[in-house]
Amino acid sequence: MSWQAYTDNLVATGKIDKAALYSRAGDSLWAVSSGFQLQQNEITELAKGFDDPSGLQAHGLHVLNQKYFLLRADDRSIYGKHEAEGVVAVRSKQAILVAHYPSGVQAGEATTVVEKLADYLISVGY
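Residues numbered from 1 in each chain as written. Predicted model: local features only at pLDDT ≥ 70, side-chain atom pairs only at ≥ 80, totals over all residues. Heavy atoms only, no water.

Participant: How would you sum up helix α1 (residues 3–12)? Please name residues and give values.
Facilitator: Every buried residue belonging to α1 is among A5, Y6, T7 and L10, and all of these are buried. Count one or two residues on from α1 and you reach G14, which has phi positive near 85°. (Buried < 20%, exposed > 50% of the residue type's maximum accessible area, 1.4 Å probe, protein only. Helix = DSSP H or I, 4+ residues; strand = E, 2+ residues; numbered from the N terminus.)

Participant: Tell me about the packing of aromatic side chains, and name the residues and values.
Facilitator: One pass over the structure, following the stated rule, counts four aromatic pairs. Ring geometry for W3 versus Y6: centroids 5.7 Å apart, planes at 45°, classification tilted. Pair noted here: W3 and Y6 are both in helix α1, with a separation of three residues, about one helical turn. By relative accessible area, which is 25% here, W3 ends up partly exposed. Ring plane angle 85° and centroid distance 5.0 Å describe the contact between W3 and Y126, whose orientation is recorded as edge-to-face. In this pair, W3 sits in helix α1 while Y126 sits in the segment after α4 (107–123), placing the two residues 123 residues apart along the sequence. (Phe/Tyr/Trp six-rings, centres within 6.5 Å; stacked < 30°, edge-to-face > 60°.)

Participant: I'd like a rundown of the sheet that holds strand β5 (residues 77–82), residues and numbers included.
Facilitator: The strand order β2-β1-β7-β6-β5-β4-β3 describes an open sheet built from seven strands, whose pairing is antiparallel. Both edges of this open sheet fall to β2 (29–32) and β3 (61–63), since each of them pairs with a single strand only. Neighbour to neighbour, the strand axes of the sheet diverge by 25° on average, direction disregarded. Here six bridges tie strand β6 (residues 85–91) to strand β7 (residues 95–101), and the two strands are oriented antiparallel to one another. Bridging across to β7, R91 finds its partner in I96. The sheet contacts of helix α2 (residues 40–51) involve β1 (18–23), β3, β5, β6 and β7, and relative to β6 the element is tilted by about 60°. On the sheet, α4 packs against β1, β5, β6 and β7 and is oriented at approximately 160° with respect to β7. (Pairing = 2+ DSSP bridges. Axes fitted to C-alpha atoms, helices over the stretch in contact; angles between N-to-C directions. Contact = heavy atoms within 4.5 Å.)

Right under this line is the structure:
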């Protein structure tokens, strides 16, 4: 399966409207849905946030120039919310999945979809 198929499958669930797949360091974009390519400083800060969330805690999570309130930040998952929409980022062994869910989707539904894909990638060595 191509990397693009993973982002397409996330969007096809109906729980995610935009998704991207980056290298674990955040220095390489592997796949992206239309209009969801993060700025380099945004993905760099996100990648750093898995190991040291203090910057995200102090300044918030920024995706496509929108600031999200940080809900969770640990060595695997980073969640952010802005009004009724949100962002879910999950790090696997070699990749970072970043997904956006729109208004009308419950945060728990969106995070479950993204976390399950990350579990799969980890199970196959990614």
